[in-house]
Amino acid sequence: MKNIIVCLPKRLPQDQLVHAARTAININPMNSAPIARLTRVMRDFKPTAERLAVVVTKYWGAGGVRLTVGFLDNPPATLRKRILQHMNAWSKTANVKFVESKTNPQVRIARAAGDAGGYWSYVGTDILHIPRNQQTMNLEGFTMNTDDSEFFRVVRHETGHTLGFPHEHMRRALVEKLDVAKTLEFFERTQGGARRKCEPRS
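Keep in mind that what you see is a predicted model, and the values were worked out from it rather than measured. In every chain, residue numbers begin from 1 and rise along the written sequence. Confidence filtering applies because this is a predicted model: local features only for residues at pLDDT of at least 70, side-chain atom pairs given and counted only at 80 or more, and all residues used for totals across whole chains, interfaces and linings. Computation of side-chain values covers all heavy atoms of the structure but excludes hydrogens and water.

Some remarks on the packing of aromatic side chains
Side-chain rings of Phe, Tyr and Trp (the six-membered ring for Trp) are treated as a pair once their centres are within 6.5 Å; stacked means planes under 30 degrees apart, edge-to-face means over 60, and tilted covers the remaining angles. As enumerated under the stated definition, the model contains five aromatic pairs in all. With 5.4 Å between their ring centres and 10° between their planes, Trp 90 and Phe 165 make a pair best called stacked. Here Trp 90 is found in the loop between helix H4 (77-87) and strand E2 (96-100), whereas its partner Phe 165 is found in the loop between helix H5 (148-162) and helix H6 (172-175), with 75 residues between them in sequence. Relative accessibility under 20% of the residue-type maximum defines a buried residue, over 50% an exposed one, and the middle range a partly exposed one, all with a 1.4 Å probe and only protein chains included. Classification of Phe 165 as partly exposed rests on a relative accessible area of 36%. Ring geometry for Trp 120 against Tyr 122: centres 5.7 Å apart, planes inclined by 85°, an arrangement best described as edge-to-face. Under the scheme used here, helices are H or I runs from DSSP no shorter than 4 residues and strands are E runs no shorter than 2 residues, and both carry numbers assigned from the N terminus.

Here is the structure:
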């Protein structure tokens, strides 16, 4: 059985969150934090910039988006084309376009292993806050010999994160099905401190 690499979306350092939230809201005002809902569920909620920054979404906007793509490790043209084809599969259902560029590309792809390895992407407008010499998406070990199913599974998935989509399991309809007590117990047991971090306040 082959080793399956799972996606671990990247997050910006904490000291960049407020600035990145402002960028997201400037690009798409619908990204704004849902202050009214937050104050309804948490009566003592104080809407500081830092607290709001973590609930701001990072979508590009309803008007569509065209993003340039660069490859930091200079893979063959055939592989670049294949990756772009899978990224642009999103254009069948959304107003998006990914175009290769060697001049200051917004989406920068590497195939690094080790500490920077795995399959991951920064989410949505956060890619604008990554230094130009660093990748915004990583596709560890992808070559033309990689199974086509992995191009479907991984490249399209990571492109979804680049467009601003969180993981499917974060959808409210799915989260509402969780048994809160069992969920907290599981993360307390496997990750420690989950009850302190996650337990809703009354």
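Brief notes about the pattern of salt bridges
Counted as salt bridges are all cases of a side-chain nitrogen of Lys or Arg within 4 Å of a carboxyl oxygen of Asp or Glu. As enumerated under the stated definition, the model contains five salt bridges in all. A salt bridge links Asp 148 to Arg 82, with the nearest nitrogen and oxygen atoms 3.0 Å apart. Of this pair, Asp 148 sits in helix H5 while Arg 82 sits in helix H4; the two residues are 66 residues apart in sequence, bridging distant segments of the chain. A relative accessible area of 38% places Asp 148 in the partly exposed class.

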